[in-house]
Amino acid sequence: MNKLIVDGGSPMRGEIKIQGAKNAVLPILAAAIMGDGGCVIHNCPWLRDVEKTGVVLSQLGCEWKRDGGDIYVDASDMNDCRIDERLMREMRSSIIFLGAILSVCGKAEVGLPGGCPIGLRPIDLHIKALRQMGVLVKEEHGYLNCECPRIKGADIHLDFPSVGATENIMLAAVKADGRTVITNAAREPEIADLSNFLNAMGADIRGAGTSVITINGTDRLHGAEYTVMADRIVAQTYLIAAMMTGGEVMLTGAEPQHMQAGLSVLAEMGGKIKKNSNGVYIKCDSRPRSVHILRTMPYPGFATDAQSPFVALAAIADGTSVFVENIFENRFRYADELARMGADIKVEGRSAVVRGVERLYGAHTEAYELRGGAALVLAAAAAEGRSEITGVEFIDRGYEDIEGNLSRCGIRINRVRV
Ligand code: UD1
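Predicted model, so just to flag it, every value in this text is computed and none were measured.

So, the site of the ligand
Here is step 1: Every one of the 20 residues lining the ligand counts as a neighbour, but Asp124, Leu125, Ser162, Asp305 and Ile327 are closest to it.
Here is step 2: Between the ligand and Leu125 there is a distance of 2.7 Å, counted from an oxygen atom to a backbone nitrogen or oxygen.
Here is step 3: Between the ligand and the protein, one listed contact pairs an oxygen atom with a side-chain N or O atom of Ser162 at 2.6 Å.
Here is step 4: Taking 740 Å² as the accessible area of the ligand by itself, protein coverage stands at 85%.
Here is step 5: Of all the secondary-structure elements, those providing two or more residues to the shell around the ligand are α5 (124–132) and α6 (163–173).
Here is step 6: Considered class by class, the residues forming the shell around the ligand number eight nonpolar, six polar and six charged.
Here is step 7: Each of domain 1 (2–19 + 230–417) and domain 2 (22–227) contributes no fewer than three residues to the shell around the ligand.

The structure is reproduced here in structure tokens:
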């Protein structure tokens, strides 16, 4: 087990190259099993969730190897269509393999998913859509058993623009018979990234990144080479680190178009932002200001994954900010940990009222999930005194070398084994 020791109070100053996006690389690796021929994926971040995806690939009988940021996948010897329950519990996003496995094998058996404890994470929309495509879905003993020798294109309207359901439908549809049209599709940039990769493999997908996606089924996909987009949530986390420590940071490779909602809030809170073709720069030399009210929304609204880092920022801002979490119902658990550091946060159901304090103080805190864990690191960097953060394995699910990136920018942070 690891913990992070942070001696707060040093301003962040420097440059960080933004890692590839976790939420893009996972579906792309799932899609890679659909190619006749190997795929090379560049800019793959070093993350626990990516390692686990490698375990899923091996379990399916696919060959994969990693060389720095490149992952090579060859599914020619794929001989299994089952992902066991234990793996699914560890990483809910493995559900994204469902559409891909079905498309390759005509059947799939996957354990019911687990993941970060941030509320109920049902998969009813995935199942309803697959049934519309002719897939026979049965739920037995903690497993989903799916069968469909020939998937059929369909018109699918999503009741909610679920990211995972949109991706699973795309994966199931690319080699289906006929045309699939998804309406009220999720518009996240990671969906457009998956679509670009699938199109590079020979798929015919149009409209990804908008709320109507059309997929014309093709008989076969070939191998492809692709570079994963930059992680927009990691980028916002580091921008906030600079703001909370009264510093500045240049994020190379970050894509400002993908985080307009977050950037406009940061500007409102006092961040001085510059965007150019290399990335995004931020500087903040006075106490951040509060925001009136922030509501998480599907993209292009304010991202639920950015909510906890922004709450950490609001915790030291001048004034009171209100956050409303509309996507996941249990996403404020970390607030109690921030309170140990002196934050004044009142959580009421899906809302949090954050009264900014002048100073946070170092404390022992525990991360229970990925983004809430990142909020604790940010608070510790800004706090007076030493903090110790346990539960680092959650943070490692989504942040590549967080302590290396921050310490190279002057934050006093170390990882120790306990
Ligand atoms: C993805 C992201 C996650 C992000 C989330 C929302 C990945 C690997 N994860 O998760 O980081 O926080 O999008 O931006 O890309 N829902 C249903 N039924 C379903 C599916 C979803 O009710 O069948 C609900 C969920 O409970 C949740 C909401 O829809 O309340 C959003 O979920 P969804 O967009 O599917 O998120 P994920 O794909 O799980």
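Some words on helix α7 (residues 189–200)
Here is step 1: Spanning twelve residues, α7 covers 17 Å between terminal C-alpha atoms, matching the ideal 16 Å at 1.5 Å per step.
Here is step 2: Among the twelve residues of α7, nine are classified as buried, and the element is accordingly described as predominantly covered.
Here is step 3: Immediately beyond the C-terminal end of α7, within one or two residues, lies Gly202, with a positive phi of roughly 110°.

Here's the deal with the nonpolar core
Soluble globular proteins tend to pack their nonpolar side chains together in the buried interior.
Here is step 1: Core analysis: the largest hydrophobic core is formed by 78 residues, its most contacted members being Ile33, Phe197 and Leu198.
Here is step 2: The element best represented in this core is helix α1 (residues 22–31), accounting for seven residues.
Here is step 3: Not counting residues within four places of it along the chain, the set of residues in contact with Phe197 comprises Ile28, Ala31, Ala32, Cys39, Ile41, Ala224 and Tyr226.
Here is step 4: In this structure, Ala230, Ala241, Met243 and Met269 belong to the second largest nonpolar core, which totals 73 residues.

Some points on the domain arrangement of the chain
Here is step 1: According to the domain assignment, the chain contains domain 1 (2–19 + 230–417) and domain 2 (22–227).
Here is step 2: Computed over C-alpha atoms only, the centres of domain 1 and domain 2 are separated by 30 Å.
Here is step 3: If you look at the interface, domain 1 gives 26 residues, while domain 2 gives 24 residues.
Here is step 4: Around 2100 Å² of area is buried between domain 1 and domain 2 when both sides are counted, 53% of it from carbon and sulfur atoms.
Here is step 5: At the boundary of domain 1 with domain 2, the tally comes to two salt bridges.
Here is step 6: Residues Arg232 and Glu190 are paired through a salt bridge, measuring 2.8 Å at the closest nitrogen-oxygen approach.
Here is step 7: Joining domain 1 to domain 2, the criterion identifies eight residue pairs in polar contact (both at pLDDT 80 or more).

Some thoughts on the pattern of salt bridges
Here is step 1: In total, this model carries 24 salt bridges according to the counting rule given.
Here is step 2: With a closest N to O distance of 2.8 Å, Glu90 and Lys52 form a salt bridge. With Glu90 in helix α3 (residues 85–90) and Lys52 in helix α2 (residues 48–59), this residue pair connects regions lying 38 residues apart in the sequence.
Here is step 3: Judged by its relative accessible area of 27%, Glu90 falls in the partly exposed class.
Here is step 4: Among the salt bridges present, the one from Asp401 reaches Arg408, with a minimum N-O distance of 3.3 Å.
Here is step 5: The class for Arg408 is exposed, based on a relative accessible area of 58%.

What about the sheet that holds strand β11 (residues 155–157)?
Here is step 1: Read from one edge of the open sheet, four strands run β11-β12-β14-β13, paired in mixed fashion. Two strands close off the open sheet at either side, each with one partner strand: β11 and β13 (204–206). Recorded for the sheet is a direction-independent mean angle of 15° between the axes of neighbouring strands.
Here is step 2: As defined by bridge partners, β11 adjoins strand β12 (residues 179–183) across three bridges and the pair is classed as parallel. Bridge assignment links His157 to a residue of β12, and that residue is Thr183.
Here is step 3: Along the sheet, α6 makes contact with β11, β12, β13 and β14 (212–216), crossing β12 at roughly 170°.

Some thoughts on the packing of α1 against α7
Here is step 1: Viewed as axis vectors pointing N to C, α1 and α7 meet at an angle of 30°, and their least axial separation amounts to 9 Å. One finds that α1 runs roughly parallel with respect to α7. Handedness of the crossing formed by α1 with α7: right-handed. Contacts between α1 and α7 pair Asn23, Ala24, Pro27, Ile28 and Ala31 from the former with Glu190, Asp193, Leu194, Phe197 and Leu198 from the latter.
Here is step 2: Residue composition of the contact of α1 with α7, grouped by class: seven nonpolar, one polar and two charged.

Thresholds, definitions, all that
- Residues numbered from 1 in each chain as written.
- Predicted model: local features only at pLDDT ≥ 70, side-chain atom pairs only at ≥ 80, totals over all residues.
- Heavy atoms only, no water.
- Near = heavy atom within 4 Å.
- Polar contact = N/O pair within 3.5 Å; in protein donor to acceptor, adjacent residues only side chain to side chain.
- Areas by Shrake-Rupley, 256 points an atom, 1.4 Å probe, with all protein chains shown as cover.
- Helix = DSSP H or I, 4+ residues; strand = E, 2+ residues; numbered from the N terminus.
- Nonpolar A, V, L, I, M, F, W, Y, C, P; charged D, E, K, R; others polar.
- Domains from an automatic or database assignment.
- Expected span 1.5 Å × (residues − 1).
- Buried < 20%, exposed > 50% of the residue type's maximum accessible area, 1.4 Å probe, protein only.
- Core = buried A, V, L, I, M, F, W, Y, C linked by side-chain atoms within 4.5 Å.
- Contact = heavy atoms within 4.5 Å.
- Buried area = accessible area lost by both parts, 1.4 Å probe.
- Salt bridge = Lys/Arg side-chain N within 4 Å of Asp/Glu carboxyl O.
- Pairing = 2+ DSSP bridges.
- Axes fitted to C-alpha atoms, helices over the stretch in contact; angles between N-to-C directions.
- Parallel < 35°, antiparallel > 145°, perpendicular 65-115°, else oblique.
- Left-handed = near helix turned anticlockwise from the far one by under 90°.

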